[in-house]
Amino acid sequence: METDWILGALGGLVIGCAAALYLLVNGRIMGASGILGGLVDGSGRATASERAAFVAGLVGAPALAMLTFGAPQTHLSGNWAVLIGAGLLVGLGTRLANGCTSGHGVCGISRLSLRGIVATVFYIGAGGLSVVIFKHLLGVI
């Protein structure tokens, strides 16, 4: 039996619980791009240590899991130009949307935020459209 969906569901449950705990303890939304952005642009100086710990956890937890369980099998492109371009586009999109998937998708929808729901609909739609264009029409990835 395939277990990928179980692992995905467990991962989503952990992210949802972490977002709820972050909101309950800190009174703020667990939006990764906002947390990182506050470190980069200096607007989050008052909570810099908390933000740095969050970012360290974002990087450290998967690294620890990889050391413990081994590297997962992925279908990630080996084309560095595609990876860098995709990363830059994601960063640009989070700035334009004033948040990312964790802020709008997880926290926004759970709070019934209209802005979060609309943003999520648009980025899921844009992601689907990108797959159709780049994979199926252009054959780039």
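That block above? That's the structure.
Cut-offs used in this document
Residues numbered from 1 in each chain as written. Predicted model: local features only at pLDDT ≥ 70, side-chain atom pairs only at ≥ 80, totals over all residues. Heavy atoms only, no water. 1 Å grid on protein atoms, 1.4 Å probe; cavity = no way out; pocket = protein on both sides within 12 Å on 5 of 7 lines; lining within 4 Å. Points joined across faces, edges and corners; volume = space filled by probe spheres on them. Helix = DSSP H or I, 4+ residues; strand = E, 2+ residues; numbered from the N terminus. Nonpolar A, V, L, I, M, F, W, Y, C, P; charged D, E, K, R; others polar. Buried < 20%, exposed > 50% of the residue type's maximum accessible area, 1.4 Å probe, protein only. Arc of directions from axis to C-beta. Contact = heavy atoms within 4.5 Å.

Enquirer: Explanation requested: the layout of surface pockets in the structure shown.
Expert: Gaps left between atoms show up when a probe the size of a water molecule is rolled over them. Of the pockets and cavities examined, the largest pocket occupies roughly 860 Å³. Lining the largest pocket are 25 residues; nearest its centre among them are Ala86, Leu89, Val90, Gly127 and Ser130. Of all the secondary structure elements, the ones that give two or more residues to the lining of the largest pocket are α4 (80-96) and α6 (114-137). Of the residues belonging to the lining of the largest pocket, the class tally is 16 nonpolar, 9 polar and no charged. Lining of the second largest pocket is provided by 27 residues; of these, Gly31, Ser33, Gly34, Ile35 and Asn98 occupy positions nearest its centre. The biggest single contributor to the lining of the second largest pocket is helix α2 (residues 32-41), with 7 residues.

Enquirer: I would appreciate a short explanation of α2 in the present structure.
Expert: Turn by turn, an α-helix covers 3.6 residues, leaving residues three or four places apart pointing in a common direction. Those residues of α2 that sit buried are Ile35, Gly37 and Gly38. Around the axis of α2, the buried residues are gathered within 165° of arc, so they sit on the same side. If you follow the buried residues of α2, they end up packed against α1 (4-26), α3 (48-69) and α4. Gly42 lies just past α2 and shows a positive phi near 85°.

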